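Tertiary structure, described
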Amino acid sequence: AVTLTGTGDHRVENAVLQGAVVALPLLVGLWIRHHRRDDRFAGLLVAAGFGLAVVSLSGAGASGVMTVGRIALWVVDLGVVYIVLALPSGRLTGELDRWLVIASALLVGVLYLPTLPFSPRFPEPTPWSSCDGGCPSNALSLVDAAPGVVRDVVIPLRLVLTFVLLVAFALVLIGRVRAAKPLLRRTIAPTLAAALTFVVAHAIYLPLRAYAPHSAVTDAVGIIYLLSLPGLAVGFAGGFFARRVYEARVLERLAVDVGARVDAGELGRTMARSLEDPGLHLVYWNAGDPGGWVDETGWPVRAPQAEPGVAVTEVTAAGRPVAAILHDPVLAEDRAIVRAAAAHALVALENKRLISLLRASVRDLARSRSRVVTIADRERRRIERDLHDGAQQGLVSLRIRLAMLQERLEVAAPAEAAAVDELGHQVEEAIDQVRALAKGIYPPVLSERGIVDALEMAARTAALPVRLELEGIGRYRSELESTVYFACVEALQNASKHAGATEVTIALHDDGELHFEVRDDGAGFDGRLVDGSGLSNLRDRLAAVGGELRITSRPGNGTVVSGRVPIDDEPTLPQEVA
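Residues numbered from 1 in each chain as written. Predicted model: local features only at pLDDT ≥ 70, side-chain atom pairs only at ≥ 80, totals over all residues. Heavy atoms only, no water.

**Notes on the sheet that holds strand β7 (residues 513–520)**
- Sheet architecture is open: five strands sit in the order β5-β6-β7-β9-β8, paired in mixed fashion. A strand with exactly one partner marks an edge of an open sheet, and here the two such strands are β5 (466–469) and β8 (548–553). The sheet shows a mean angle of 10 degrees between the axes of neighbouring strands, taken without regard to direction.
- Here six bridges tie β8 to strand β9 (residues 559–566), and the two strands are oriented antiparallel to one another. (Pairing = 2+ DSSP bridges. Helix = DSSP H or I, 4+ residues; strand = E, 2+ residues; numbered from the N terminus. Axes fitted to C-alpha atoms, helices over the stretch in contact; angles between N-to-C directions.)

**Examining the packing of aromatic side chains**
- Going through the model one piece at a time under the given rule, you end up with eight aromatic pairs.
- Measuring from centroid to centroid gives 5.1 Å for W74 and Y112, while their planes differ by 65 degrees, and the two rings are edge-to-face. On the criterion of sequence distance, the pair formed by W74 in helix α3 (residues 63–85) and Y112 in helix α4 (residues 95–112) is long-range, its members being 38 residues apart.
- Residue classification places Y112 among the buried positions, given a relative accessible area of 12%.
- Pairwise contacts between aromatic rings join W74, Y112 and F122 into one cluster.
- One cation-aromatic arrangement involves R158 over Y112; the distance from NZ or CZ to the ring centre is 4.4 Å. (Phe/Tyr/Trp six-rings, centres within 6.5 Å; stacked < 30°, edge-to-face > 60°. Buried < 20%, exposed > 50% of the residue type's maximum accessible area, 1.4 Å probe, protein only. Lys NZ or Arg CZ within 6 Å of the ring centre and 35° of its normal.)

**Notes on a nonpolar patch on the surface**
- A surface patch of nonpolar side chains, about 530 Å² in accessible area, is lined by L96, W99, I102, L106 and V110.
- Relative to the assigned elements, I102 resides in helix α4.
- Residue classification places I102 among the partly exposed positions, given a relative accessible area of 40%. (Patch = residues over 30% accessible without salt bridge, like charges linked within 9 Å, V, L, I, M, F, W, Y side chains within 5 Å. Areas by Shrake-Rupley, 256 points an atom, 1.4 Å probe, with all protein chains shown as cover. Salt bridge = Lys/Arg side-chain N within 4 Å of Asp/Glu carboxyl O.)

**Some words on the confidence of the model for the protein chain**
- For the protein chain, the average pLDDT comes to 78, and 79% of its residues sit at 70 or higher.
- Note on residues 1–9: pLDDT is under 50 here. Beyond four places in sequence and across chains, it has 20 contacts.
- Within the model, the stretch residues 570–578 combines pLDDT values under 50 with 15 contacts to residues more than four positions away or in other chains. (pLDDT = per-residue confidence, 0-100. Contact = heavy atoms within 4.5 Å.)

**Structural notes on α4**
- The first and last C-alpha atoms of α4 sit 25 Å apart over 18 residues, in line with the 26 Å expected at 1.5 Å per residue.
- Turning to α4, its buried residues are D97, L100, V101, S104, L107, V108, L111 and Y112. The arc enclosing the buried residues of α4, seen along the axis, measures out at 140 degrees, which places them on a common side. Of the exposed residues in α4, those oriented more than 90 degrees away from the buried face are E95, W99, L106 and V110.
- Check the buried side of α4 and you find it contacts α3 and α5 (148–179). (Expected span 1.5 Å × (residues − 1). Arc of directions from axis to C-beta.)

**Some thoughts on the nonpolar core**
- Grouped together as the largest cluster of nonpolar side chains are 62 residues, with contacts concentrated most on V84, L85 and W128.
- The greatest single-element share of this core, amounting to 11 residues, is contributed by α3.
- Contacts of L85, omitting those with residues within four sequence positions, involve R91, L92, D97, L100, V101, F169, V172 and R176.
- Membership of the second largest hydrophobic core comes to 38 residues, among which are C488, L508, V545 and V561. (Core = buried A, V, L, I, M, F, W, Y, C linked by side-chain atoms within 4.5 Å.)

**Points about the packing of α3 against α5**
- Contact pair α3 / α5: the axes reach a minimum separation of 11 Å and the direction vectors enclose 15 degrees. Compared by their axis directions, α3 and α5 come out roughly parallel. Seen along the crossing, α3 lies across α5 with a hand that is left-handed. In this structure, α3 contributes V81, V84 and L85 to the contact, and α5 contributes F169, V172, L173 and R176.
- Classifying every residue of the contact of α3 with α5 gives six nonpolar, no polar and one charged. (Parallel < 35°, antiparallel > 145°, perpendicular 65-115°, else oblique. Left-handed = near helix turned anticlockwise from the far one by under 90°. Nonpolar A, V, L, I, M, F, W, Y, C, P; charged D, E, K, R; others polar.)

**Topic: the side chain of D520**
- By secondary structure assignment, the location of D520 is in strand β7.
- A distance of 2.9 Å separates a polar atom in the side chain of D520 from the backbone nitrogen of G522.
- Residues contacting D520, with those up to four places away along its chain left out, are A495, A499, A501, E503, V504, N557, G558 and T559. (Polar contact = N/O pair within 3.5 Å; in protein donor to acceptor, adjacent residues only side chain to side chain.)

**Focus: the packing of helix α2 (residues 40–55) against α3**
- Look at α2 against α3: their axes get within 8 Å of each other, and the N-to-C directions meet at 160 degrees. As far as their axial angle goes, α3 and α2 are roughly antiparallel. Here α2 runs over α3; the crossing is left-handed. Touching R40, F41, L44, A48, G51, L52, V54 and V55 of α2 are V68, G69, A72, L73, V76, Y82 and I83, all from α3.
- Per-class residue counts for the contact of α2 with α3 are 12 nonpolar, two polar and one charged.

**Thoughts on the pairing of β9**
- Burial analysis of β9 places seven of its eight residues in the buried class, which makes it a mostly covered element.
- The sheet contact formed by β7 and β9 spans seven bridges and is antiparallel. The residue of β9 that forms the bridge with H515 is R564.
- Two successive antiparallel strands, β8 and β9, enclose a turn made up of five residues, where G556 displays a positive phi of approximately 85 degrees.

Written out as structure tokens, the structure reads:
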């Protein structure tokens, strides 16, 4: 039967202690595997738990069972070295880590296991058993006493080499903590603290057991060494919780900080802050570049590839590459975080691209509408010239000929002369109408001398008094001058025809934009103004050059028609899009 050696009290204490040592790695590993099925380190903890269950047989009263437990202890110590060095991915990534594991395996395989047939008893005491001097013998021993070479050479040598390896192991752990980036340090710090405790306690326990086996200090250090094994699992659980808190904080920061308005350079810096990875940066796919990949400044860079200390996550849309995130390899262990970061980057880049396309489309539309206004004004001027140089000059020539015909008929046929004279007056009326039509289409003074002279002429021919406030107004692009001119003339005509006004004021001022205002002292109106075709055309014309029109009125207080147009060289975007 398998029984614990020693007194009853010690058996209970050992059972409780060893139960905790075995159970904690198993429970932590299984719990984490339940949440993250592909976590290799959690799988290693489960394996360590089962290994420790075998090691607990070291306290058995039967020689064969105890021997299995003591051999398993060597293997588990080797496994602990591998587990700690494989943190947090569950894989050995460094060359030094591999050499430490190989050296530890060689030490166990060359200086521990081969001595089993020549060692009647295992080293005592052991924290896995309460026996002290009365433990069962080695079931695999072939001799009654250890040969001198084993007792005097092999065992001291392996003790020294074990101590050296433990010191090297401790130095590697310390170096890893110091070199770790904030994210990795937060994840592995609790486990590495337990690992350092294991290494230091183990390194101290070995010489104490050899030279002071019955000391209370030896027993205390042995207990610390024993408890450091489940401490690895507890530390990993603490790192897991810290990682979960980090994940939640990262997701919140990504949702808040990574928006559609960040540019390419700011996106990388924002993601680096959100993921707490100072070395994170982005490169972008540019099909038009010979190399394909560029940085945030547009400068070509080599294709992103994983290398020591750098992992790569590609951001794709519809199967095509958009960008690549170069980040800390620790992030690659958490696929949810990497996927979230890639998704936020994709949303930001796609939104940026769509907004850029929208801005370009609106800009092209504004330019197109501006060109339409320019072409329409050019056609107005052509029609005005055609009326002036063609129809009007033809009518003037006809009037002259009719006058000459009238002179010849006054003596020979007075009645016909009178008829020709009447016809001449009708031609004069037609000339006046054509002249008025030509000026209404596009007054020549507007293109020749500008908006100030054109409005002064319109004021002189208006049906009611007009006061002008035009100080500081110069020349502008032809489409801007014509737009403001026709807006003012339309408002002036409306005041003359519909407002019952006795005076109209036209004011212009320039403050980086050309503002106009037409005020009358008419009856005004109440309620919603229904746009006629004239006002609708004015709104469209102003919008075509990036401007706007406003109409305000109150009963008894007249009406104000005002607006503004930008005077930049290029039309501006509408305010709600820009």
